Structures are given as C-alpha cells and as structure tokens.
Amino acid sequence: MPGAEQAAPVVSDTDVAAAVAREAEAMEELLGRLVEAPTTLGNEEPGQRIMAEAFSGLGLEPVDVPMDADALRAHPLAAPFSWPVDGKRNVVATWPAAREGGRSLVLNGHVDVVPPAAESLWTRPPFSATRDGEWLVGLGSGDMKAGLAAIVGAVRGLRRLGLEPLADVQLQSVVEEECGGNGALQCVLAGFRPDGVVIPEPFPGAVTVSQVGVLWFHIDIAGVPGHVGEAGVGVNAIEAAFPVIAELRVLEAELNEDPPAPYDDLPHPINLNVGVIEGGDWPSTVAAECSLSCRLALYPGQAVAGLKARVEAAVARAAAAHPYLAAHPPRVRYDGFAGQGVEVPADAPLVEAMAAAHERASGEAAARIPTTATTDARVFVASGIPAVCYGPWAESIHGVDERVHLPSVVTTAQALALLVRDWCGVTA
Ligand SMILES: [Zn+2]
C-alpha cells in the first residue's frame, strides 16, 4: 500500500535493545558507586565526580555548570535558599549532532539525595549498595541514581553501535532537586534550550504529564521561658505549635476539596507534611522557641504567591485564637521549594515519543499520569521546554531500605536509547 509504509529505522529495535542490554553490568556498577557516594545537600561533589567520569567514559566532554547564587536569586523561577551554593556544580555533556535534521534532547537526572530518615531502621547502612535478587538496595538507588546510570547506559549502547544523533543530546547531572530545583534551573540559565527533556525519575511504565508544585515554609513560634515548677509561668512554644498545625490541616483539607482534572481521580492529591520540628532547651524549662518546617503542594495553574497567602492566613487564624500568640504572632519564612505545578499536553510529541519508546522496549503500553510529587520537569516546563519523567521501578523512596529493580533500569535505558533514535534521529 504505497504511502502507508514508514522508512525503516537506521537500526532495529532489537539491535538497540541488545546493545543497551550489554551495558547492564556497567550500569549496575555505576549505580553502586553513585549510591555509595552520600550526596545529601551540600555533599553532592563526590557524586558529580563520578558522573563527570562516566560522561568522559562515553567519549564526551563533561562541562561544569556552576551554581551562581546571584543569578539564581535574580530569577523568578528560583527557589529561595539560605544555604551556601558556592563551589557546587552541575555537570553536563553534549553528544553533538552529526548533522542537522533531528530534534534536540536533554536527558537529565539529579545526583542529590534526601538524608536517611531513620538509619536505625535500615537493614543495611543506607549508603551501601547491596544486591538483593533482582534489586539494588541503597539510599537514592531509585530516586534517582538508577536514572543517571540508565542515561549513561543508553548513550553508551548507541555509541557502541556507531550511531550519531541528528540533533544535540545533552546529558545533565544536577544538584538540588530535592530542595528546590535550582540545579536544573542553572542548566536552563546556561543557555541550551532543547526540544524536549526526559528525566528518568522512578515512574515505571508511565510518562508524567502533570505534576503539582511544592512550597516549603518554616514557621517560627516564640514563647516565654520559665521554670516548669511554677504553674502558669511561661508560654510553651512547642505546645503553641499544636493549634498552628491544626489550622494547616484545615487548609490542606480545603485544598483537597475540589481538585481540578486530572487530580480529581486521586483520593488526596495535595499533601501537607510537617517534616521537621525543632524547639525547647530542657525538660524542666518551658520551651521558649519552636520552629516547624513544612511542605505543601499546589495544582498546576495556581500561583505560589496565592498559596503563601493562604498559609499565612492559616497561621494568623491559629495565632488569633491563642492568648499569647495573638499579640506575638509566629513568623513564616520561605526557604527551599517555591515552584508552581506544570502540565504537558498528553498528546504532546515528546509524550507520544517517550510512550512509544517504552512500548517498543517493554512490549507494554505506557500510562500518561499526573503525579502528586514534584520533579525538575517543573523548571523546564515553566521555562517553555517540554519535559516529562519516565523511569525505573523503585520502592520505598525517601523511606527505609529504598531499592530499585535492576531489570527495569535496563528497560529504562533501552527506552531512552530508542527515544534518542526516534526523537533525535540517528545516522549510521
Ligand atoms: Zn527524584
């Protein structure tokens, strides 16, 4: 039937899949080394050294994109930050186009991890990489060091086949995804604007088309210290935090009342987390200070400023009902995440291409999903660049005994390689 045939790809699905599968051991080795680098906030450099070496090992030239505090603070999409960023770097490497004609692509992953939540509950040290059957256990294994390893495995497989892309493919290993997204933003500020971005965060068999925004806020509550032996002396700042939290839960319930599509299919899309509480000095001293650090989400299309106003109103309501806080209201500070929710059309070419690549790699259909977490895709989409997540199967992310399913890392890498073939085009 003339006109109904498509040109055969330069290289078959089977050949791409086989070439990437041969990288399975190398990917596992790289993943293990990354997991054993404890790349929490401020300690990302050992992980970035490993990634720079991995990019060099592909025959590409790693380039530093240093964090620039002034440039970030001047940018409307930046998250506020009180911690030092001087000397920190993102590492990128460009696989240059052999010739014109394709669509450019960024394959992005974050090297930073959250701190181990409860080290004593782990069955092994969090920053050790342990093979357990088909799983690799370790903090950050799924979120998302396996994704970084998959990016390297995908590109190595294609390069071993002697293929070159028809548009630039930039590999990015970024910092500060877990606290605000400023590492990815710094890469956008570096100037490369691809036609699409894929982030192999652990969304197995699914392409993300919508994600919530996230706001971090911190509430400082001041009380009045005193000796606990005298009844009625002092104002306990820790106990004054209880009604503040209760009002924040009221706000959370309001935000979940009438979710817009596609979040109306989810039971509780907007989650408040009171993640850190600090306060008090001594069991026999009335606590003079208490600080809460919280995370709250917002839907795409809503402004961060609007959510800040509602948080402040909730805190003010709690204070107004408290005999001491009414005259001494808590202070709300913003430090870390302050990013909007974002969406990509479910039929956007990048979504279609990533879903098709997954289907070719796995033989299974790819879902298009909203997520109630946020990722660095937010920074790219908000900058006008289509970005999705798609990646391996992981369990217990930000929890105890985080692990990633190694065969799914290979499938992810195969799908990414097929995406490069079909999105960018390749030449033999
Ligand atoms: Zn992540």
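See above for the structure.
Residues numbered from 1 in each chain as written. Predicted model: local features only at pLDDT ≥ 70, side-chain atom pairs only at ≥ 80, totals over all residues. Heavy atoms only, no water.

Q: Explain the coordination of the zinc ion to me, using residue names and the numbers behind them.
A: Protein coordination at the zinc ion comes from H110 (NE2), D143 (OD), E201 (OE) and E201 (OE), with a distance range of 1.8 to 2.5 Å. Mapped onto the polypeptide sequence, the residues donating to the zinc ion form the spacing pattern H-x32-D-x57-E. Linking D143 in helix α5 (residues 141-160) with E201 in the loop between β8 (197-199) and β9 (206-211), this pair joins segments that are 58 residues apart in sequence. (Donors = N, O, S within 2.8 Å, 3.2 Å for Na, K, Ca; no water. Helix = DSSP H or I, 4+ residues; strand = E, 2+ residues; numbered from the N terminus.)

Q: Talk me through the packing of α5 against helix α11 (residues 406-424); I want residue IDs and the actual numbers.
A: Contact geometry of α5 with α11 gives a least axis separation of 8 Å together with a crossing angle of 50 degrees. As summarised for this structure, α5 and α11 are arranged oblique, according to the angle between their axes. Where α5 crosses over α11, the handedness of that crossing is right-handed. Here α5 contributes A146, A150, I151, A154 and L158 to the contact with α11, which in turn contributes V409, T412, A413, L416, A417 and V420. Considering only residue class, the contact of α5 with α11 consists of 10 nonpolar, 1 polar and no charged. (Axes fitted to C-alpha atoms, helices over the stretch in contact; angles between N-to-C directions. Parallel < 35°, antiparallel > 145°, perpendicular 65-115°, else oblique. Left-handed = near helix turned anticlockwise from the far one by under 90°. Contact = heavy atoms within 4.5 Å. Nonpolar A, V, L, I, M, F, W, Y, C, P; charged D, E, K, R; others polar.)

Q: I'd love a proper account of the pairing of strand β2 (residues 89-95), names of residues and values included.
A: Here β2 lies mainly inside the structure; 6 of its 7 residues are buried. The pairing of strand β1 (residues 62-66) with β2 spans 5 bridges and is antiparallel. Bridged to P62 within β2 is A93. Bridge count for β2 against strand β7 (residues 169-174) is 5 bridges, and the pairing is antiparallel. (Buried < 20%, exposed > 50% of the residue type's maximum accessible area, 1.4 Å probe, protein only. Pairing = 2+ DSSP bridges.)

Q: Let's hear about the sheet that holds β2: which residues, and what values?
A: One open sheet accounts for 6 strands, arranged β1-β2-β7-β3-β8-β17; its pairing is mixed. Every other strand in the sheet has two partners, leaving β1 and β17 (387-389) as the edge strands with one partner each. On average, adjacent strands in this sheet sit at an angle of 25 degrees to one another, irrespective of strand direction. The sheet contacts of helix α9 (residues 349-362) involve β8 and β17, and relative to β17 the element is tilted by about 30 degrees.

Q: Which residues make up the pairing of strand β3 (residues 105-110), and what values do they have?
A: When you tally the buried positions in β3, you get 6 out of 6 residues, the bulk of the element. Across the two faces of β3 the burial is the same, with L105, L107 and G109 and V106, N108 and H110 all buried. Sheet topology note: the β3/β7 ladder contains 6 bridges and is parallel. Counted as the bridge partner of L107 is L171 from β7. Examined bridge by bridge, β3 and β8 share 2 bridges and lie parallel to one another.

Q: Provide a residue-level description of helix α2 (residues 24-35), including the pertinent values.
A: Taking 1.5 Å of rise per residue, 12 residues should cover 16 Å, and α2 covers 16 Å from first to last C-alpha, within 8% of that figure. Within α2, the full set of buried residues consists of M27, L30, L31, G32, L34 and V35. Those residues of α2 hidden inside the fold are in contact with α1 (13-21), α3 (45-57), β5 (135-137), α5, β19 (403-405) and α11. (Expected span 1.5 Å × (residues − 1).)

Q: Help me get a handle on the sheet that holds strand β15 (residues 342-343), residues and values and all.
A: Strand order in the open sheet formed by 3 strands is β15-β9-β16, and the pairing between neighbours is mixed. The open sheet terminates on both sides in strands that have one partner only, identified here as β15 and β16 (367-371). Pairing analysis gives 2 bridges linking β9 to β15, with the strands arranged antiparallel. By the bridge assignment for β15, S210 is matched with E343.

Q: So what about the packing of aromatic side chains? Which residues, and what values?
A: Under the defined criterion, the tally for this structure stands at 4 aromatic pairs. Each ring, one from W216 and one from F337, has its centre 5.3 Å from the other, and the planes form 75 degrees; the classification is edge-to-face. Highlighted residues: W216 in strand β10 (residues 213-222) and F337 in the loop between β13 (331-333) and β14 (338-339), separated in sequence by 121 residues. Taking relative accessible area as the criterion, F337 reaches 7% and is therefore assigned buried. Considering the side-chain rings of Y263 and Y299, the 5.6 Å spacing of their centres and the 50 degrees angle between planes classify their relative orientation as tilted. Separated by 36 residues along the polypeptide, Y263 in the loop between α7 (237-255) and β11 (273-279) and Y299 in the loop between β12 (289-298) and α8 (304-320) bring together distant segments of the chain. Across the pair, Y299 and Y263 agree in class, each one buried. The ring of W423 carries the charged tip of R103 above its face, separated from the ring centre by 3.9 Å. Over the face of the ring belonging to Y334 we find K308, whose NZ or CZ atom lies 4.6 Å from the ring centre. (Phe/Tyr/Trp six-rings, centres within 6.5 Å; stacked < 30°, edge-to-face > 60°. Lys NZ or Arg CZ within 6 Å of the ring centre and 35° of its normal.)

Q: Describe a negative patch on the surface, naming the residues involved and giving the relevant values.
A: A contiguous patch of negative charge on the surface is contributed by E257, D258, D264 and D265. Its place among the elements puts D264 in the loop between α7 and β11. Taking relative accessible area as the criterion, D264 reaches 46% and is therefore assigned partly exposed. (Patch = residues over 30% accessible without salt bridge, like charges linked within 9 Å, V, L, I, M, F, W, Y side chains within 5 Å. Areas by Shrake-Rupley, 256 points an atom, 1.4 Å probe, with all protein chains shown as cover. Salt bridge = Lys/Arg side-chain N within 4 Å of Asp/Glu carboxyl O. Lys, Arg positive; Asp, Glu negative; His and termini not counted. Charge placed at Lys NZ, Arg CZ, Asp CG, Glu CD.)

Q: Residue-level account of α8, with values.
A: Three or four residues apart is the spacing at which side chains of an α-helix point the same way, because the helix has 3.6 residues per turn. Here α8 is 17 residues long and its end C-alpha atoms lie 24 Å apart, about the 24 Å a rise of 1.5 Å per residue gives. Packed against the buried residues of α8 are β10, α7, β12, β13 and β14.

In short, geometric facts, not functional conclusions.
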